[in-house]
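Summary of structural features
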Amino acid sequence: MIRIIEEDKPLFVLDTDNTTYAFKVMPTGHLEHLYYGRKIHMDSSDGIEEPKGYPAGNTAIPDKDTNSITLEDLRLEMSSYGKGDVREAFIELRNADGSSTSDFRYDSYGQSKGTATPEDKDSDEEVLPKSYGEEAEILTIKLKDSDNSLELDLIYTVYPSCDVITRYAVLENSGEGDITIEKIMSTQIDFDPGDYTFSTFTGAWAREMKKTDLPVSGARLVNSSFTGTSSNRANPFVMVSKKGCMEDFGEVYAFNLVYSGNHYESIEKSSHGKVRFLSGINPTGFTWRLQKGESFASPEAVMTYSCSGYNGMSGKMHDFVSKHILRGPWKDRLRPVLLNSWEAAYFNISESRLLRLARKAKSVGIELFVMDDGWFGERNDDSKSLGDWYPNPKKLPHGIKGLCDKIRALGLQFGIWVEPEMVNENSDLYRAHPDWAIKISGKSHSPARNQMILDLTRSEVQDYIIEAMRKVFSSADISYVKWDMNRIFTDVFSEGLPKDRQGEVFHRYVLGLYRIMRALTREFPEILFEGCASGGNRFDLGILSFFPQIWASDDTDAVARAEIQTGYSYGYPMRCVTAHVSDVPNHQTLRRTPIETRFNVASFGVLGYECNLCDMKKEDINAIREQISFYKAHRETLQRGRFYRQDKGDGEDHGMGLLEPSPCNSISWTTVSEDKKNAVTMTLQILTHPNCKWRVINPKGLKEDMKYKFKGRVLDFDIRNFGGLVNFISPVHVKPDGTIHGILSRFIKMHAEEEEHVMYGDAMMYAGVHLKNSFAGCGYDDKTIAYYPDFGSRIYTVDQTSEPPHSTSV
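Here goes a summary of the coordinates provided. (Residues numbered from 1 in each chain as written. Predicted model: local features only at pLDDT ≥ 70, side-chain atom pairs only at ≥ 80, totals over all residues. Heavy atoms only, no water.)

**Brief notes about the sheet that holds strand E3 (residues 19–25)**
Strand pairing in a sheet relies on backbone hydrogen bonds. The paired strands run either parallel or antiparallel. The condition is simple: Paired strands, in this sense, are two strands between which DSSP finds at least two bridges. We count a stretch as a helix when DSSP gives it H or I for four or more residues in a row; a strand needs E for two or more, and each element gets its number in order from the N terminus. Helix axes are fitted to C-alpha atoms over the stretch in contact, other axes to C-alpha atoms as well, and angles between N-to-C directions run from 0 to 180 degrees.
Sheet architecture is open: four strands sit in the order E1-E2-E3-E4, paired in antiparallel fashion. Only two strands of the sheet have a single partner each, and these edge strands are strand E1 (2–6) and strand E4 (31–38). Neighbour to neighbour, the strand axes of the sheet diverge by 15° on average, direction disregarded. With seven bridges joining them, E3 and E4 adopt antiparallel strand pairing. Counted as the bridge partner of Lys24 is Glu32 from E4.

**Comments concerning the packing of helix H6 (residues 459–473) against helix H7 (residues 505–523)**
Between two packed helices, what matters for the description is the angle formed by their axes and the separation of those axes. Our working definition: With respect to orientation, any angle under 35 degrees is reported as roughly parallel, any angle over 145 as roughly antiparallel, any angle of 65 to 115 as roughly perpendicular, and every other angle as oblique. A crossing counts as left-handed when the near helix is turned anticlockwise from the far one by less than a right angle, and as right-handed when that turn is clockwise. Contacts are assigned to residue pairs that have any heavy atoms within 4.5 Å of one another. Lys, Arg, Asp and Glu make up the charged group, whereas Ala, Val, Leu, Ile, Met, Phe, Trp, Tyr, Cys and Pro make up the nonpolar group; the residues left over, Gly among them, are polar.
Relative orientation of the contacting elements H6 and H7 amounts to 30°, with a least axis distance of 10 Å. The angle between the axes of H6 and H7 places the two elements in the roughly parallel class. Of the two possible hands of crossing, H6 and H7 adopt the one that is right-handed. Contacts from Ser459, Gln462, Asp463, Ile465, Ile466, Met469, Arg470 and Phe473 of H6 reach H7 at Gly512, Arg515, Ile516, Ala519, Leu520 and Glu523. A per-class count over the contact of H6 with H7 returns seven nonpolar, three polar and four charged.

**Some details on the packing of aromatic side chains**
Formally: Paired rings are identified among Phe, Tyr and Trp, the last through its six-membered ring, by centres lying within 6.5 Å, and are further divided according to the angle between planes into stacked (under 30 degrees), edge-to-face (over 60) and tilted (the rest). Only protein chains enter the accessibility calculation, which uses a 1.4 Å probe; a residue is then buried when its area is under 20% of its type maximum, exposed when over 50%, and partly exposed in between.
Scanning all chains against the criterion turns up 47 aromatic pairs. An angle of 55° between the planes, with centres 6.2 Å apart, marks the rings of Phe12 and Tyr106 as tilted. Taken together, the residues Phe12 in strand E2 (residues 10–15) and Tyr106 in strand E6 (residues 105–113) connect sequence positions 94 residues apart. Accessibility expressed as a relative area gives 0% for Phe12, which makes it buried. For the ring pair Phe529 and Phe547, a centre distance of 5.2 Å and an interplane angle of 10° mean the geometry is stacked. One end of the pair, Phe529, is in strand E27 (residues 528–531); the other, Phe547, is in the loop between helix H8 (541–544) and strand E28 (549–551), with 18 residues separating them in the sequence.

**A word on the sheet that holds strand E30 (residues 606–610)**
Read once around its circumference, the closed barrel built from eight strands follows the order E21-E22-E23-E26-E27-E28-E29-E30, with strand pairing classed as parallel. Going from strand to strand, the sheet's axes swing by 30° on average, the running direction of each strand aside. Bridge count for strand E21 (residues 338–340) against E30 is two bridges, and the pairing is parallel. Residue pairing across strands places Leu338 opposite Gly608, the latter belonging to E30. Seen against the sheet, helix H4 (residues 399–409) touches strand E22 (368–371) and strand E23 (413–418) and runs at an angle of roughly 145° to E23.

**Remarks on helix H11 (residues 618–640)**
Condition: Given the number of residues in a helix, its expected span is that number minus one, multiplied by 1.5 Å. Values of bend correspond, residue by residue, to the angle between axes fitted over the seven residues ending at that residue and the seven starting there.
End to end, H11 covers 32 Å across 23 residues, agreeing with the expected 33 Å (1.5 Å per residue, within 8%). Of all the bends in H11, the largest measures some 70° and sits at His634.

**Quick word on the side chain of Glu137**
Let me state the cut-off plainly: Note that His is not counted, nor are the chain ends; the positive residues are Lys and Arg, and the negative ones are Asp and Glu. When a carboxyl oxygen of Asp or Glu lies within 4 Å of a side-chain nitrogen of Lys or Arg, that pair is called a salt bridge. In the analysis that follows, any N or O atom pair within 3.5 Å is treated as a polar contact, provided that within protein one partner can donate a hydrogen and the other can accept it, and provided that, for residues neighboring in sequence, both atoms belong to side chains.
As for its placement among the helices and strands, Glu137 is situated in strand E7 (residues 137–145). For Glu137, which is buried and forms no salt bridge, the nearest opposite charge comes from Lys113, at a distance of 4.9 Å. At 3.1 Å, the side chain of Glu137 forms a polar contact with the backbone nitrogen of Ile2. Residue contacts for Glu137: discarding those within four places in its chain leaves Met1, Ile2, Ser112, Lys113, Tyr156, Thr157, Val158 and Pro160.

**A word on empty space enclosed by the protein**
Short version of the rule: Here a cavity is any set of points on a 1 Å grid over the protein atoms alone where a 1.4 Å probe fits but cannot get out, and a pocket is any open set with protein on both sides within 12 Å along at least 5 of 7 lines; a residue lines the site when it has an atom within 4 Å of a point. Grid points are joined across faces, edges and corners, and a volume is the space filled by probe spheres set on the points.
Under the definition given, this model contains eight cavities of 30 Å³ or more. Here the largest cavity is characterised by a volume of approximately 90 Å³. Lining the largest cavity we find Glu596, Asn600, Gly712, Arg713, Leu715, Ala752, Glu753, Glu755, Arg794, Ile795 and Tyr796. The set of elements that each furnish at least two residues to the lining of the largest cavity consists of helix H10 (595–602) and strand E42 (793–800). Looking at side-chain class alone, the lining of the largest cavity contains four nonpolar, two polar and five charged residues. Space inside the second largest cavity adds up to approximately 60 Å³. Forming the walls of the second largest cavity are His30, Leu71, Leu76, Met78, Ser79, Ser80, Ser102, Asp103 and Phe104. Here the residues of the lining of the second largest cavity sort into four nonpolar, four polar and one charged.

**A few points about unusual backbone geometry**
Here the residue pair Val584 and Pro585 is connected by a cis peptide bond, since its omega of 0° sits within 30 degrees of zero. By the element assignment, Pro585 lies in the loop between strand E29 (577–582) and H10. The backbone of Ser149 shows a phi angle near 55°, a positive value even though the residue is not glycine. Relative to the helices and strands, Ser149 resides in the loop between E7 and strand E8 (150–159).

**Notes on the layout of surface pockets**
For the largest pocket, the calculated volume is near 1,000 Å³. As for the largest pocket, its lining consists of 33 residues, and the residues nearest its centre are Ile595, Lys617, Asp620, Asp718 and Asn721. Every element with two or more residues in the lining of the largest pocket is listed here: H10, H11, strand E36 (716–718) and E42. The greatest single-element share of the lining of the largest pocket, amounting to six residues, is contributed by H11. Looking at side-chain class alone, the lining of the largest pocket contains eleven nonpolar, six polar and 16 charged residues.

**Observations concerning the pattern of salt bridges**
Two side chains carrying opposite charge are able to pair once their charged atoms lie near each other. Under the counting rule described, the total for this entry stands at 61 salt bridges. Of the charged contacts, one joins Arg87 and Asp85 as a salt bridge, the two residues approaching to 3.0 Å between their closest N and O atoms. Each member of the pair, Arg87 as well as Asp85, is classed as buried. Glu419 serves as the salt-bridge partner of Arg449, at 3.9 Å between the closest nitrogen and oxygen. With Arg449 in the loop between helix H5 (428–432) and strand E25 (451–453) and Glu419 in the loop between E23 and strand E24 (422–424), the pair connects residues that are 30 residues apart, well separated along the chain. A relative accessible area of 29% places Arg449 in the partly exposed class. Given the relative accessible area of 0%, Glu419 is considered buried. When salt bridges that share partners are traced, they join Glu7, Asp8, Lys24, Glu32, Glu49 and Lys52 into one network.

**A few points about the packing of helix H3 (residues 351–364) against H11**
In contact at an axis separation of 8 Å, H3 and H11 are set at 55° when each is read in the N-to-C sense. Judged on the interaxial angle alone, H11 and H3 are oblique. Seen from H3, the contacting residues are Lys360, Ser363 and Val364; seen from H11, they are Ile621, Ile624, Arg625 and Ile628. Across the contact of H3 with H11, the residue classes break down as four nonpolar, one polar and two charged.

Set out below in structure tokens:
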């Protein structure tokens, strides 16, 4: 709800169901930020507005008629340089006369309502995607810089039920001369003094989304990307929390950006103790010439607040992304279980080999078969043929359609991999259009993966990609497309732009990409598109505005993925995070993890498999068949449920405290259905500790007075996992890993411990479910002891029941 309260100057109050955001026009016309936090009763600014008095020493006043304030020591809605605010600015411009002072003051406001469909849905222009929704209320504040004939609109969109407010800015040049935008942010929040923590999600290829907490002090903290993408180095999702915040307790603000290019988030405590947060396009490498009558819009920034910890915040962000960012037919559909050919075959594919793999996939319950890289041009490795989007006749003698029809005849859907934004120098496309690649003509080029980036700032290149992909997608009954992008930007230069506008390349590229994706998703609405960029190099809300799911990381190792997926879960719903079960030793880490652990971790995302089923052991094939059956039975909860993380020591607790060799020795997740009648909870142990057998798990999000049955999956383990310990029960000596050991393992299995409890929701959440003891070297039986080695994991179902609690008499 947006309220405008007329005082001496307008007071703007933006209420969601649980938060309040307020700012006011000052007598000078500048916008003073008053409050953002839990919902409060507010019908005036009395007591909330900061008292004005005499400016502090060694500060400046904005003009000679104003001697009671200095902008440097006020909380502002936006900021610029030249009038006394020396903190980092929201906007930096080079005016037509060469000056850099900006002074935007209040002019007017307007209100409107949101729309049921995205505003850009039918646009063929290069425009940024934005959130949408009928419940949205929109406030536009118009500011003017009269000295330079500029107008700046600050647009606020309120989503009450999600407790989310979005912001972006539109700058219009009403003057006679050109101006240059050197920096324009999307949101600014000035906080009261206090102890804040800035949490970023950083990493690299194969180790994305590592949560890093930094105290906010006098030094400026920056989270940014300069790869040309939102990047795996620093995701645009960040958090600002107050001291002591945990998963289910404390105050936290969260911010994200609906943008897929270079981004910038900064936070800094001023010399007066106030804290300023900024988010928007990275100003490094960015300039934009704005001519008379033209306007420029910054990407939409997303923000939310929770007073119930990180889990409370994540729930709001997940709801917002699911309802107001995702779009199209696949927004609410359950996603199929797929098998991807990459780690099974890499580039060495053929129709016969893929069909063998597909038949095996069908036998275990796979629903979608995906042909990855290697199917087009002369693509036998990564050195050639990107850009030549026609099937290789030797590998696919009957074309894409011939293979697709045979896959379909097996009862499987068919998907395909493409990388449309790239070109190899050794390709027909590059030989025909060398000027279409981003490079500096006449100078040496910095290569990456033997490929170059096509110049999407140029409309003819965009049109080529749209037409090339249209031919591929319409050539067969294709249900799924994996859209990859496997390199960062280097030698950034466009032959389609004049030399004085090269600072526009990064942003124009993103706009061109959005035009391409918008055109193709509109023309092929039934195709399930999945974004990918060397894994998580472009996991952001801009991509999710077109593709409803993104490949989270090229690292499929279960232990690494558990941490990566935990990182994503803070800001993104798990229905958007794709995760695969792969073979061991893992192709990225060479680590061996149990097949059930690999499934348990992957099942909390959008489940897929990426392994050579034709080479797998019978036991593993049977395990996969049972895994997929379990996943389908609980897919509704896993893909659409509310996701919760558990604090360290609040999930599966061993009581080891500082003796733990890892910063996080266990990871536990719970996903709860919308009606709270069903849940799935998972726990993963990283390393085993000697003589540490006690285990308890606390599922989250249950209905306190509802009775549930907590039950573990029925599992069997190979007796060879116990090595020579088998001789404690064997009547004859068995050589570990010998022939007899192998024969026995075919007929004798170790059964998993049985876990079944009937408890109320509050008992599970607060008292915890006390699990069977882990093996600790002093005996084993499957009634009382759990086989729980390094990288061990369990998954449990929690379902509403009318059964009475089990009782044990002594």
